Amino acid sequence: MKDTNERWILEDDDAFTDALLNEASEWLAYAQGTASLLAEWMRDDEGEGDRRELSLALGGVAAMMAVGRICVQRAHTQVLFDSPRHGDASHEG
């Protein structure tokens with residue numbers, strides 16, 4: 001888990017690509033683990049679970065996936081802007 005004094009990556013406009021991808025991997029792993037746990041709980045519970053709690057848990061999985069997606073999108077944008085485009089080299093000369 002993150003240290004409470006650590007700045008959240010989505011608030012860091014200067015986050016490096018590798019930090020964003022690491023953060024995305026971490027959040028997506030949290031989402032996967034939570035979704036697996038919920039699937040196991042639903043299988044074993046035989047439909048007696050609280051729908052409100054299940055709804056909140058699924059919303060949490062969606063939020064973790066959204067944070068991961070945002071981190072990947074920011075990293076992808078950085079890669080696009082930092083790398084020379086393949087078509088640009090043919091126009092030089």
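Thresholds, definitions, all that
- Residues numbered from 1 in each chain as written.
- Predicted model: local features only at pLDDT ≥ 70, side-chain atom pairs only at ≥ 80, totals over all residues.
- Heavy atoms only, no water.
- Helix = DSSP H or I, 4+ residues; strand = E, 2+ residues; numbered from the N terminus.
- Buried < 20%, exposed > 50% of the residue type's maximum accessible area, 1.4 Å probe, protein only.
- Contact = heavy atoms within 4.5 Å.
- Areas by Shrake-Rupley, 256 points an atom, 1.4 Å probe, with all protein chains shown as cover.
- Core = buried A, V, L, I, M, F, W, Y, C linked by side-chain atoms within 4.5 Å.
- Polar contact = N/O pair within 3.5 Å; in protein donor to acceptor, adjacent residues only side chain to side chain.

Across its full length, the protein carries two helices and zero strands. For the protein, the residues scored as buried account for 16% of the 93 residues in total. Of all intrachain contacts in the protein linking residues separated by at least 6 positions in sequence, the fraction that spans at least 24 positions is 72%. Roughly 7500 Å² of accessible area belongs to the protein as shown, and the carbon and sulfur atoms make up 55% of that amount.

Okay, the nonpolar core next. Judged by nonpolar contacts, Ile9, Ala15, Leu20, Ala24, Val67, Cys71 and Ala75 together constitute the single largest core of seven residues. Of all elements in the fold, only helix 1 (17-45) and helix 2 (51-82) reach the threshold of two or more residues within this core. Dropping the residues within four chain positions of it, leucine 20 is found in contact with Ile9, Ala15, Cys71, Arg74, Ala75 and Gln78. One finds Leu38, Leu54, Val61 and Met64 within the second-largest nonpolar core, a separate group that totals five residues.

A few words on the side chain of glutamine 78. Looking at where glutamine 78 falls in the secondary structure, it is placed in helix 2. In this structure the side chain of glutamine 78 is engaged in a polar contact, spanning 2.7 Å, whose partner is the backbone oxygen of alanine 15. Look past the residues within four positions of glutamine 78 in its chain and what remains in contact with it is Ala15, Phe16, Thr17 and Leu20.

This part covers the environment of alanine 63. Along the polypeptide, alanine 63 turns up in helix 2. As for alanine 63 and tryptophan 27, which are separated by 36 residues in sequence, their C-alpha atoms are 9.3 Å apart.

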